[in-house]
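Tertiary structure, described
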Amino acid sequence: MPRHRALQPDHLWGYLFITPQLIGFVLFVAMPLMNLVLFSLQDYSLLGNSRTFVGLSNYIEAFGNDPLFAKTFRNTLVFTAGLVPVNIILALLLAVMLDQRFRGNLVFRTVFFVPVVTSAVAWSLVWRSILQGQNGALNQLLAIVNIVGPNWLRDETWAMISVIIVRVFQNVGMNMILFLTALANIPVEYREASSIDGATRGQTFFRITVPLLAPTMLMVLMITVIGSLRVFDHILLLTAGGPNHSTMVLVYYVYYTAFRSFQPGYASVGALVLFVTSLVLTLLQWSARKRIASVEV
Amino acid sequence: MRKLFVLIVLFAVAVAGIHAGGNQETNDQGDPGSIDLRFTLWSANAAHLEMLNGFADAYREENPNVTVTFETLPFSEYTSLLTLQLAGSNPPDGGWLLEGTGPTFVQSGVLADVRPYLESLPDYDYADFSPDAMSLWVEGDRTFAIPFSTSPFVIFYNRDLFREAGARTPQELIASGDYTWTTFGESLRTVTSETGVYGFQGQNGQPYSSRIWHTLVPFLRAYGVDAWDDNGPNFDTPEAIAAASLYHQLIFDDETIVPPGERSDFFAGSAASTINQISRVPTVMEAGFDWDIAPLPGGPAGPAHVIGQAAMGVFNASRNREAAIDFLAFMTNQANVETMAQFFPPARQSVLEAGALAQQNPNISPESIVYVEEGIQFGTVLPAHPRFPQLDLSAQGAFDQLWQPDADVPQVMRSINETLSSFF
Amino acid sequence: MQAQSVLSQRSLALRIFIFVILLVLSVPFVFPFLWMLLGSVKSINELLDVRQFFPTTIRWSNFREAIEYQPFLRHYANSIYIAVTVTTGTIFVASLSGYAFARLRFAGRSTLFILLLSGLMMPVEVAIIPNFFFMRDLGLTNTHWPLLLIPVFGARGVMATFIMRTYFVSMPGELEEAARLDGLGPFGIFWRIMLPLSGPALGSVAILTFLHTWNNFLEPLVYINDVRLFTIPLSLNNFTDGFNIPAWHLQLAATTMAVVPMISVYVVAQRHITNAMAMSGLKG
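Residues numbered from 1 in each chain as written. Chains lettered and ligands numbered in written order. Predicted model: local features only at pLDDT ≥ 70, side-chain atom pairs only at ≥ 80, totals over all residues. Heavy atoms only, no water.

Here we take up the sheet that holds strand 11 (residues 291–294) of chain B. Residue and element names in this part refer to chain B. Taken together, three strands build an open sheet; the order of strands is 10-7-11 and the sheet is antiparallel. This sheet does not close on itself; its edge strands, each paired only once, are strand 10 (273–276) and strand 11. Between one strand axis and the next, the sheet turns by 25 degrees as a mean value, whatever way the strands run. With four bridges connecting them, strand 7 (residues 154–158) and strand 10 associate as antiparallel partners. Its bridge partner lying in strand 10, Phe156 is registered against Thr274. Of the strands in this sheet, strand 7 and strand 11 touch helix 17 (residues 366–378), which is tilted by about 35 degrees from strand 11. (Pairing = 2+ DSSP bridges. Helix = DSSP H or I, 4+ residues; strand = E, 2+ residues; numbered from the N terminus. Axes fitted to C-alpha atoms, helices over the stretch in contact; angles between N-to-C directions. Contact = heavy atoms within 4.5 Å.)

The following block contains the structure:
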């Protein structure tokens, strides 16, 4: 009899339990998405508080006419394409090294992970101070070895590189931990078996470790890609999108256009582009993970 | 685990409770007759706030039910934060407005027309405000804000550093009859080469971001053009290109102006001169070096004068608009404008003519205060625009091309001109 | 034997090599903290003087001045109370619905769950514009409410629900059956049996939510403009306005005050925090 009772559906309780979450979902996820689409069809003046329906003209302007919009999209891709490989390679390198046993291992793990729990604001503010022009700490250090460093945050090429590197230093610990967890889960026998076969360390790494890391790798890749599409704090605090909009990326553009330039209608187009991009990537991630998970079992 | 959970909940509730209590304290509206007025401003200077809070206290003596608070918003974000507040649910009652955004605010309809009330006050003497000073804030027979500061930009310089370097001071250059950005630039170079300190810093160290115009327009006007006029931007004119070339040369070739991306502070002694207004006298008084002010250097077009203006307006969104306008009237009455003259040169002609500027500024020598008076007399306000926030942001991006060591100045100026011409 | 010692020698050399590489790589991770700590006790002149790497005199007064420059302690209190409230709220909402999706059987369960999961695809940045206007229409901008409501009930909370559900799914069913026999209702089972057993998942959700809320910058930046309501990230960014003396030294002092307690907590609870982060990555 108890078995029977346990199988009885708990409709009422089920709905009761999920109600708070569902209401929140409707108010803060579903409704905003609809409103976002509506806003993107309007010319909305923040100061005068007036809206007019303008049809698709925001889209036409953004995709056809606005060089800044195009530049922003390009910058976002450049930022992502620059950050992801640097972040993942460094994370993997650190993880493989820290997977060895030696004294001080834990100290190093702490050192590389601490920026992850530090706020992006604090991290960026300190780096901004370090990365000034000739009087910055970094260029002063370089001057000791007779290198004239660039004006890191004020040069159109270097600004993007600097922001990428500062963000990598902040977040690489996260991916490092994910790789370390995955490495720790690889049975020791696999690697031992391989080394008995006479394989060098390098061969063991590429033949045994890398394939076993593949699922983690894919996940890390997706998290890092989506994370870099959403970059905001580092951009605002290090370069504010400059110089000459060379570090203007999507989220900052949305913020800048809606809340600094007071065109929330037009900015909504940017927000929707961000939404579609991360939607596609998330779906890719989910389908890829399903495939890998089935292989794993 | 459950105990811990309950404990956390209790803690959260307790902290939230304490906080809510704290909020109630500040937003206490228990007495139905009491009125809280909130004015936004961009100064956090202790001396300014002391004076303003003094006005608020004096007003409260006469109107015991009215409490006025001044809320500082950072300058670089001021217009956007104010706009967000006005678009939000708890708008301020009034606030300072910057000259560039004058048309933006006046045309948006968020400001209350204060003229009928001010003209109805027998002692206020609205006509005392000079029409020139009012021009940004008046539309037809309506007045949307009262300028409380019509303050010419001047050069602040560190006399100790000039003396140490043996550089010619602005006063010496004026005496020799040749005080231009070129000759002043030579002095700056001397300071840098002799002392290793930057010769000049753009206004508040923000000339490459939120304060482009305050340093650029003085250069432009010395060469005879303004940044823009009703017909469009003037950056592609030979005058503007010549002015920008000199500015660029002083930054990147002579390395005497603090370059972009570099931190420096005139008031901490790490730059020998800067451009600012007399509202910064309290700051330089604390700096601990010998200082003086001088007029802006001239150029091929003769002497240049630039005025920065700040006005105070009342917002239509205010729940206590009448009270806010009454406080505005109080703050800008004859006596209080006189008091404000210690930081903010007045737009009231009677106060200016009575010599209040000199009386209220004992820390500036009588010879030097003349420069301020001349600035008010001959100067015009910085350029303004109905879409100033957007134009300003756009310009900050465009001008980044000029702030590069290897910039091709004429070409860059033409490109900037093209970018900004879409606003006209 | 011979081979063994060659091997261990090689392995020793390798370890030293790794150690040196790690030492070099750790410079950009350690230097910012060193720079921050040194700068926090310098005078503004020393901070601007490139030749002064170390402060000549240690100015502890920077910390006091930073607190006086703006209501920094109040910002600290704001951040703590917001982070604690959001964390508690998230735990409550997410464990309730996570439990329902894992263990209760009701019509439309999987459809609703998939619907909810779609919230993960909508980053807060996407919703910031409509949420701002929604909050404004409710009269809640420039209050703490958006910072409390949106993370708990919005897309961030979905992540927590997902973690909780995964954990509840993995728990054995016998416990519930025994509890039902004892006459406990679904809420009783959840509250008295399952929740107390879900410590690890709750811990992860709590750590992640707290960290995220504590460091959140975009939302406070958009919703808050009254300086008394600032949270710490806003506060740190508010030390360099040009009209005041740019207080870079005070900014570093304030940053130190904001960062050092967090790092101390991390060092103490290191294992839990890294586990929680790893879990979020693996699940999310």
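On we go from here.
So, on to the interface of chain C and chain A. At the interface, 95 residues of chain C touch 97 residues of chain A. The tally of links between chain C and chain A comes to one salt bridge. Note that Glu125 of chain C and Arg230 of chain A form a salt bridge whose closest N and O atoms lie 3.1 Å from each other. Along the contact surface separating chain C from chain A lie eight residue pairs in polar contact (both at pLDDT 80 or more). (Salt bridge = Lys/Arg side-chain N within 4 Å of Asp/Glu carboxyl O. Polar contact = N/O pair within 3.5 Å; in protein donor to acceptor, adjacent residues only side chain to side chain.)

Now for unusual backbone geometry. Of note in the backbone geometry, Asn146 of chain A takes a positive phi value of approximately 65 degrees without being a glycine. Looking at the element boundaries, Asn146 of chain A is found in the loop between helix 7 (137–144) and helix 8 (156–184). Residue classification places Asn146 of chain A among the exposed positions, given a relative accessible area of 72%. Unlike most non-glycine residues, Asn204 of chain B shows phi in positive territory, near 55 degrees. Among the secondary structure elements, Asn204 of chain B is positioned in the loop between helix 9 (181–195) and helix 10 (212–222). By relative accessible area, Asn204 of chain B is classed as buried at 11%. (Buried < 20%, exposed > 50% of the residue type's maximum accessible area, 1.4 Å probe, protein only.)

Residue and element names in this part refer to chain A. Sheet topology places strand 1 (residues 42–45) next to strand 2 (residues 50–53); four bridges connect them, and they run antiparallel. Bridge assignment links Asp43 to a residue of strand 2, and that residue is Thr52. What sits between the antiparallel neighbours strand 1 and strand 2 is a turn of four residues, in which Asn49 has the positive phi angle 55 degrees.

As a further point, take helix 17 of chain B. Residues and elements named next belong to chain B. Relative to the 18 Å expected for 13 residues at 1.5 Å per residue, helix 17 spans 19 Å between its end C-alpha atoms, a close match to the ideal helical length. Listing the buried residues of helix 17 in full gives Ser368, Ile369, Tyr371, Val372, Gly375 and Ile376. End-on, the buried residues of helix 17 take up no more than an arc of 140 degrees, which puts them together on one face. Counted as exposed and oriented over 90 degrees from the buried face of helix 17: Pro366, Glu367, Gln377 and Phe378. (Expected span 1.5 Å × (residues − 1). Arc of directions from axis to C-beta.)

Remark: a regular strand shows side chains that alternate across the two faces of the sheet. All names here are of chain B. Burial analysis of strand 1 (residues 35–41) places six of its seven residues in the buried class, which makes it a mostly covered element. Where strand 1 meets strand 2 (residues 66–72), seven bridges bridge the pair, whose relative direction is parallel. Looking at strand 2, one finds that Leu37 is bridged to Val68. As for the winding sense of the linkage, the β-α-β connection from strand 1 through helix 2 (residues 46–62) to strand 2 is right-handed. (Right-handed = clockwise from strand over helix to strand, strands pointing away.)

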